[in-house]
Amino acid sequence: METNVLLINLVLVVGSSLLHPGVCSPSYSFPAIFNFGDSNSDTGGLSAAFGQAPFPNGQTFFHSPSGRFSDGRLIIDFIAEELGLPYLNAFLDSMGSNFSHGANFATAGSTVRPPNTTISQGGASPISLDVQLVQFSDFLTRSQLIRNQGGVFKQLLPRKEYFSEALYTFDIGQNDLTAGLKLNMTTEQIKAYIPEVLDQFSNAIRKVYSKGGRRFWIHNTAPLGCLPYVLDRFPVPASQIDIHGCAIPRNEIARFYNSELKRRVIGLRKELSKAAFTYVDVYSIKLTLITQAKKLGFRYPLIACCGHGGKYNFSNNIRCGAKVMVKGKEVVLAKSCNDVSFRVSWDGIHFTETANKWIFQQINSGAFSDPSLPVKFACTTR
């Protein structure tokens, strides 16, 4: 089925490219990716700044902590693989990084809006989207000055033209919504500030466009009400739990955010007519995975694989990899499950590598994207 969808899309792109200058050539290949986001796409930013995400994070694919909040690869890693590019190094990671084919500005806990509490106070990452944009702007300028020195710098930094030819990926906003839940806001109160969040998101796109970015790949946010983290920390009455075990009002918030985000993308597509925008409905894909887990070969979609205690195997105070000292020895409390390759939720917030791979396969079918195309053809304008 997926092969047929890809073949049909390929035929459509080849045919359309002969008639419409906005459709990219089948021979086009992205030379780089520049990613902005939160923990859903962080490949080491937060770990570089505040300490490594502990083992068993990274156990499945990298076999050691890799800066990712998963047992293995993230969706952004599968995007890089599909485009034939190396995995993205975090901009903040100075150890062994190679930025010749892009950089990752995402950090776990990042928000669109600047946070008003510090990370030590239990707040969001200080590397909000506006800070990520400053980092990108600095990287764009300084990478070329340093690359021109030649030698190893020429091998480790991107060519100038890559910035206008690259794919710019965005996966951020989830933490802006849970920020309201942390303040005990109602569904309507959270909905009320979403336009401001999206104003800032839209301005971020405009800034990247002003720096030469032309190809944007934008993920909407996940079904919050189906995440073990949200179900445990922000419980709702039993009457507000659906037949799949998800919190109805939390998913309502996510759907509202996504509908408004799509409206903004449509507006940006008209405003920035030289750019290509792909809006990806990650919400629907993840909801399908969670609600049809058994049918798809997965188990226990609302229970964290790596965690400790409670109905959802999640404790905010004892997260994946957490240790305690027992008689002078470190003991891991929050361990990985033994069937991780069949699980959906890794740590109650993030997804397992197996789940991320399945999600990416649905994304790449084009069936959940607007326009309906695989990632290789995200250079197409409408």
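For the structure, see preceding data.
Residues numbered from 1 in each chain as written. Predicted model: local features only at pLDDT ≥ 70, side-chain atom pairs only at ≥ 80, totals over all residues. Heavy atoms only, no water.

### Considerations on the pattern of salt bridges
Then step 1. On inspection of all chains with the given rule, the structure shows 14 salt bridges.
Then step 2. Linking Arg-142 and Asp-138 is a salt bridge whose minimum nitrogen-to-oxygen distance equals 3.8 Å. Of this pair, Arg-142 and Asp-138 both sit in helix H4 (residues 129-147), four residues apart, roughly one helical turn.
Then step 3. On the basis of relative accessibility, which here comes to 45%, the residue Arg-142 falls in the partly exposed class.
Then step 4. A residue is classified by how much of its surface remains accessible, and Asp-138, at 35% relative accessible area, is partly exposed.
Then step 5. Where Arg-264 meets Asp-199, a salt bridge forms, and the shortest distance between an N and an O atom there is 2.7 Å. Residue Arg-264 is located in helix H10 (residues 248-271), and its partner Asp-199 is located in helix H8 (residues 187-210); the two are separated by 65 residues in the primary sequence.
Then step 6. Look at Asp-199 and you get partly exposed, because its relative accessible area is 37%. (Salt bridge = Lys/Arg side-chain N within 4 Å of Asp/Glu carboxyl O. Helix = DSSP H or I, 4+ residues; strand = E, 2+ residues; numbered from the N terminus. Buried < 20%, exposed > 50% of the residue type's maximum accessible area, 1.4 Å probe, protein only.)

### Focus on the nonpolar core
Then step 1. Counting residues in hydrophobic clusters, the biggest one holds 88 residues, and the most contacted among them are Phe-34, Phe-36, Ile-79, Tyr-168, Phe-170, Phe-201 and Phe-216.
Then step 2. Each residue touching Phe-216, except ones within four places of it in the same chain, is listed here: Tyr-168, Phe-170, Ile-205, Val-208, Tyr-209, Ala-275, Ala-276, Phe-277 and Thr-278.
Then step 3. Residues Cys-306, Cys-320, Val-340 and Trp-346 belong to the second largest nonpolar core, which totals six residues. (Core = buried A, V, L, I, M, F, W, Y, C linked by side-chain atoms within 4.5 Å. Contact = heavy atoms within 4.5 Å.)

### A few points about the state of the cysteines
Then step 1. Per the stated rule, a full pass over the model turns up three disulfides.
Then step 2. Here Cys-226 connects covalently by a disulfide to Cys-246, the sulfurs 2.1 Å from one another. Across the S-S bond linking Cys-226 and Cys-246, the dihedral sits near 115°, which makes this disulfide right-handed. One end of the pair, Cys-226, is in the loop between strand S4 (215-219) and helix H9 (228-233); the other, Cys-246, is in the loop between H9 and H10, and 20 residues separate them in sequence. (Disulfide = S-S within 2.5 Å.)

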